[in-house]
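Take a look at the letters that make up each chain.
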Amino acid sequence: MPELPEVETIVRAARPRLVGRTIVRFESRWPRQIHPDVPAVRRGVLGCRVRRVDRRGKYIVLRLDDGGALLIHLRMSGRLEWAAGHAVEPAHVRAVFDLDDGQRLMLCDARKFGRIAYTTDWRSFSARLGVEPLGPQFTPRRLAHELSCRARRLKPLLLDQSVIAGIGNIYADEALHRAGLHPCRRCDTLAPEQVRRLRSALRAVLRQGIRNQGASIDWIYPGGRMQRRLRVYGRGGEACDRCGAPIATTRVAQRSTHFCPACQPLDEQGDRGLGRRRRAPRRAAACAG
DNA sequence: TGAATTGTTATCGT
DNA sequence: AACGATAACAATTC
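What follows covers the domain arrangement of chain A. Its domain assignment divides chain A into domain 1 (4–127) and domain 2 (140–259). Computed from C-alpha coordinates alone, the two centres of domain 1 and domain 2 are separated by 29 Å. On the side of domain 2, 15 residues touch domain 1, which itself brings 15 residues to the contact. Across the domain 1 to domain 2 interface the summed buried area is about 1,200 Å²; carbon plus sulfur atoms make up 69%. Taken together, the links from domain 1 to domain 2 amount to 0 salt bridges. Linking domain 1 to domain 2 there are 4 residue pairs in polar contact (both at pLDDT 80 or more). When residues of the side of domain 1 that touches domain 2 are assigned to their parent elements, the largest contribution, 7 residues, is made by helix α1 (residues 4–18). Along the lines of polarity and charge, the residues of the side of domain 1 that touches domain 2 split into 5 nonpolar, 3 polar and 7 charged.

Our next topic: the protein's contact with DNA strand B. Taken together, 13 residues lie near DNA strand B, and Lys-58, Met-76, Arg-111, Arg-255 and Ser-256 sit nearest. A share of 67% is what sugar and phosphate atoms reach among the atoms of DNA strand B within 4 Å of the protein. Between DNA strand B and the protein, one listed contact pairs a sugar or linking oxygen with a side-chain N or O atom of Arg-75 at 3.5 Å. Residue Tyr-233 places a side-chain N or O atom 3.0 Å away from a phosphate oxygen belonging to DNA strand B. Here the residues of the surface near DNA strand B sort into 4 nonpolar, 4 polar and 5 charged.

In summary, soluble globular proteins display a tendency toward joint burial of nonpolar side chains. Counting 33 residues, the largest nonpolar core has Leu-147, Leu-154, Ile-164 and Leu-198 as the members making the most contacts within it. Elements that contribute at least two residues to this core include exactly α4 (140–148), α5 (154–159), α6 (169–179) and α7 (192–211). Among the elements that line this core, the one with the most residues is α7, at 7 residues. Those residues in contact with Leu-154 that sit more than four places away from it in its chain are Leu-147, Leu-176, Leu-181, His-182, Pro-183, Arg-185, Cys-187, Leu-190 and Leu-198. Counting 29 residues, the second-largest nonpolar core is a separate cluster that includes Val-38, Ile-72, Leu-74 and Leu-99.

Definitions and limits used
- Residues numbered from 1 in each chain as written.
- Chains lettered and ligands numbered in written order.
- Predicted model: local features only at pLDDT ≥ 70, side-chain atom pairs only at ≥ 80, totals over all residues.
- Heavy atoms only, no water.
- Domains from an automatic or database assignment.
- Contact = heavy atoms within 4.5 Å.
- Buried area = accessible area lost by both parts, 1.4 Å probe.
- Salt bridge = Lys/Arg side-chain N within 4 Å of Asp/Glu carboxyl O.
- Polar contact = N/O pair within 3.5 Å; in protein donor to acceptor, adjacent residues only side chain to side chain.
- Helix = DSSP H or I, 4+ residues; strand = E, 2+ residues; numbered from the N terminus.
- Nonpolar A, V, L, I, M, F, W, Y, C, P; charged D, E, K, R; others polar.
- Near = heavy atom within 4 Å.
- Core = buried A, V, L, I, M, F, W, Y, C linked by side-chain atoms within 4.5 Å.
- Buried < 20%, exposed > 50% of the residue type's maximum accessible area, 1.4 Å probe, protein only.

In structure tokens:
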């Protein structure tokens, strides 16, 4: 299931094939996934040249020369496939974009969870997403603010795309393990040192994921090597690399969650629930852009 | 057969 | 009333 590093890998591969090309045909074979609807997307993209290809959170973003943007979200099982000429079509093709140089970009998606959207207002769309964890705005201070102005458990917070954009189940578990923090730890109880460790762990594990071209943990996303580097995800019952204790598997926020109970204790400083504490104002320190 | 998976939305509780 | 937690949902594979 593509998270930030997988989407980044896909974007880097797609960019040189797309930039400068004009979209000459668009076909949807699963109209329910097209937003706002098929005619609007067709009107928006036909005849437009692709100015740049970026990633924002888990979105693939094609900036078009009319100022609009085509957004592709792969969700669970989406893939981009390329075809030229009359090769055999891959399975589960849900949408087709033909380019002016004869290339054909296809969104393939067995489970049909993927989404395609066209917007004329990229800025307000982007504003609904949280900070980029590898970007310059993800400072220790910014993370400290996001953590202190809420009273939630750490893992659901990390998965909240409106707070930090791009983290999914795998990288959330890995970052928490590397930071030595329990997934259920209350986010507004971290010491400054722990905030710095969490930020470093997030950035390190995401960069490592990109360096390894993502994690291929099942049939959905091929080609990555990051699955060999995972220390807790999918390793319930195995010994923790750091301390040897067996890795626990539980459920947090409806997601399978893997952590080391010894390295990521809750009881020590993790005072959940007891006592109401003051929280920083929610809307303070808004960021630009 | 049912568990697993993402992000959005609706609903419930505090 | 606002926020956080929870459940349902879309659909398919193994």
